[in-house]
Amino acid sequence: MSKTFHITTFGCQMNEHDSEIMAGMLTEKGFEQVKERKDADVAIINTCSIRENADKRFFGTLGQLKRRKKEDPGFLVCVCGCMMQQQHIIDTLKSKYPWVDVIFGTHNIHQLPELIDKALSEKRKQIEIWPDGGEIVEGLPARRLYTCKALVNIMSGCNNFCTYCIVPYTRGRERSRKPEEIVREVRHLVRDGVKEVMLLGQNVNSYKGDSETDFAGLIYRLNAIEGLERIRFMTSHPKDLSDRLIQAYADCRKLCRNIHLPVQSGSSRVLKRMNRKYTREQYLELVEKLREAAGDITISTDIIVGFPGETEEDFEETLDLVRRVRYDSAFTFLYSVRRGTPAAQYAEQIPEEIKHQRFNRLVELINTISAEKNAGYVGRVERVLTEGPSKSGSQTYCGRTDGFKLVNFKGSADMIGQMVDVEITEGKTFSLEGRVIGG
Ligand code: 5AD
Ligand code: SF4
């Protein structure tokens with residue numbers, strides 16, 4: 001009988017995509033993916049280390065697996081992802097979680113099949129961490145979550161060293177894939193029925209494919225692929241967002257009118273201490289340019305609350321920036337100390353209580369604006385790519401608009417993977433309701 005596996009994924013879409021590739025490799029090997037971890041012979045946990053919460057959830061999950069491992073010594077526990085690129089985590093795993101069988105990192109997920117084979121045949125723990133990424137490994141299979149849309153990695157790593165962020169340490173230096181490889185992959189996906197691609201990278205704006213192809217150039221090339229309907233990307237760094245890319249919004253029909261543009265703080269003083277390399281004014285100017293080029297563009301962001309040294313005035317500048325930009329949505333984070341980053345050493349850490357108070361004030365403002373913006377969609381007709389059944393149940397399906405708004409509507413299973421025209425009937429804080437008026 002073939003072995004079964006289950007993957008638990010924490011964190012961002014890069015990790016989601018890495019998990020799709022691991023699932024692809026194991027499926028090719030003849031393993032079968034199962035929905036519940038309890039039914040799996042091999043459990044894989046793909047970790048995230050962006051904030052402390054993610055660390056805690058990982059160790060909680062490992063704790064749950066201890067019992068299973070005791071009852072069934074043949075059960076294999078594999079852990080990978082960003083946390084594994086930190087020596088102190090490896091030390092903790094070795095000393096406190098000896099039942100973990102396979103440990104590998106972000107740079108060598110292609111080794112998973114052989115590490116599993118070795119763990120099974122040698123019956124001993126396998127640890128394989130690469131400090132840096134070598135050449136990007138091309139041609140790995142992926143087992144995608146959706147048939148109509150796909151994640152496509154265009155680069156990995158990050159060179160920015162924002163002072164709060166662990167990513168440059170866990171994902172290494174920036175490396176871009178060759179544009180031909182990306183075009184080939186997207187063509188292949190389109191032949192497979194994919195209509196929408198999400199281009200992934202920590203900082204896609206600094207993509208350097210070859211001497212002629214920067215990120216905007218890549219968008220133009222992908223826009224020419226017949227059969228592809230939509231192009232999205234994330235994440236953008238404001239400091240590298242070029243006029244050429246802004247122009248691409250005007251020129252490329254397939255480039256969705258949506259951008260995730262993390263601001264992190266509305267205070268230039270804090271931005272400097274974060275090493276973000278732009279000011280509040282420069283950010284606002286970018287937003288203006290984007291809106292000039294693509295009037296109805298939707299904008300989302302990431303904001304960190306309680307960065308060391310953030311004063312009430314700094315925080316109010318963040319509130320003010322949010323009011324000016326009027327984001328469609330925003331992810332808000334409490335600053336979390338990450339070992340080894342510069343900001344972890346900053347003296348003026350903000351008390352938890354103040355962080356939480358600011359966080360709540362910010363979320364309230366963001367939600368009010370999101371709800372107002374979404375209410376403005378009522379009566380509009382939006383083209384929606386139907387993704388599948390919605391959470392709310394019977395005969396209700398959901399999909400995304402060009403501007404990445406989630407829409408729920410009554411429909412039928414044959415709409416999955418299809419573009420439909422939906423008239424918006426209600427705007428909520430985090431989603432829209434609508435009714436299908438055409439295919
Ligand atoms: N604390 C809180 N939020 C963080 N982020 C990154 N590092 C930290 C940290 N140490 C947030 C940033 C980033 C998003 C992915 O996570 O806002 O854009
Ligand atoms: Fe982290 Fe900054 Fe790189 Fe984003 S750009 S991954 S926040 S260091």
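All residue numbers refer to positions counted from 1 along the written sequence of the respective chain. Starting at A for chains and at 1 for ligands, labels are handed out in the order in which the entities are written. Totals for whole chains, interfaces and linings use every residue, but because this is a predicted model, local features are given only for residues with pLDDT of at least 70 and side-chain atom pairs only at 80 or more, for both listing and counting. Only heavy atoms go into the side-chain values, all of them from the structure, while hydrogens and water stay out.

Student: Quick rundown of the site of ligand 2? Include the residues and the values.
Tutor: Near ligand 2, the surroundings consist of C158, N160, F161, C162, Y164, C165, V167, P168, Q202, H237 and R276. When residues are grouped by polarity, Ala, Val, Leu, Ile, Met, Phe, Trp, Tyr, Cys and Pro land in nonpolar, Asp, Glu, Lys and Arg in charged, and all others, Gly among them, in polar. Within the shell around ligand 2, the residues separate by chemical class into seven nonpolar, three polar and one charged. Summary of the distance rule: residues count as near a molecule or strand when at least one heavy atom falls within 4 Å of that molecule or strand.

Student: Any chance you could break down the site of ligand 1 for me, citing the residues and the numbers?
Tutor: Surveying the vicinity of ligand 1 reveals the residues I50, R51, Y164, Q264, D302, I304, F333, L334, Y335, S336 and R338. Under this definition, polar contacts are N or O atom pairs within 3.5 Å; protein pairs additionally need one hydrogen-donor-capable and one acceptor-capable atom, and for neighbouring residues in sequence, both atoms have to be side-chain atoms. At 3.0 Å from a nitrogen atom of ligand 1 is found a main-chain nitrogen or oxygen belonging to Y164. Interatomic distance of 2.7 Å between a side-chain N/O atom of D302 and an oxygen atom of ligand 1. To be clear on the numbers: accessible area is Shrake-Rupley with a 1.4 Å probe, and residue cover counts the displayed protein chains and nothing else. Protein burial of ligand 1: of its 400 Å² of free accessible surface, 87% is covered by the chains. Segments assigned H or I by DSSP are reported as helices when at least four residues long, segments assigned E as strands when at least two residues long, and all are numbered from the N terminus. Secondary-structure elements contributing two or more residues to the shell around ligand 1 are β13 (298–305) and β14 (329–334). Taken together, the residues of the shell around ligand 1 sort by class into six nonpolar, two polar and three charged.

Student: Break down the domain arrangement of the chain for me, citing the residues and quoting the values.
Tutor: Boundary definitions for the domains trace back to an automatic or database domain assignment. In terms of domain boundaries, the chain breaks down into domain 1 (4–128), domain 2 (146–256), domain 3 (261–375) and domain 4 (381–436). For domain 2 versus domain 4, the distance between C-alpha centres works out to 26 Å. A contact between two residues is defined here by any heavy atoms of the two lying within 4.5 Å. Across the contact, 10 residues belong to domain 2 and 13 residues belong to domain 4. For this analysis, a salt bridge means a side-chain nitrogen from Lys or Arg found within 4 Å of a carboxyl oxygen belonging to Asp or Glu. Between domain 2 and domain 4 we count one salt bridge in total. The salt bridge involving E387 is made with K149; its shortest N-O contact spans 3.0 Å. Elements that contribute at least two residues to the side of domain 2 that touches domain 4 include exactly β10 (196–200) and β11 (230–234).

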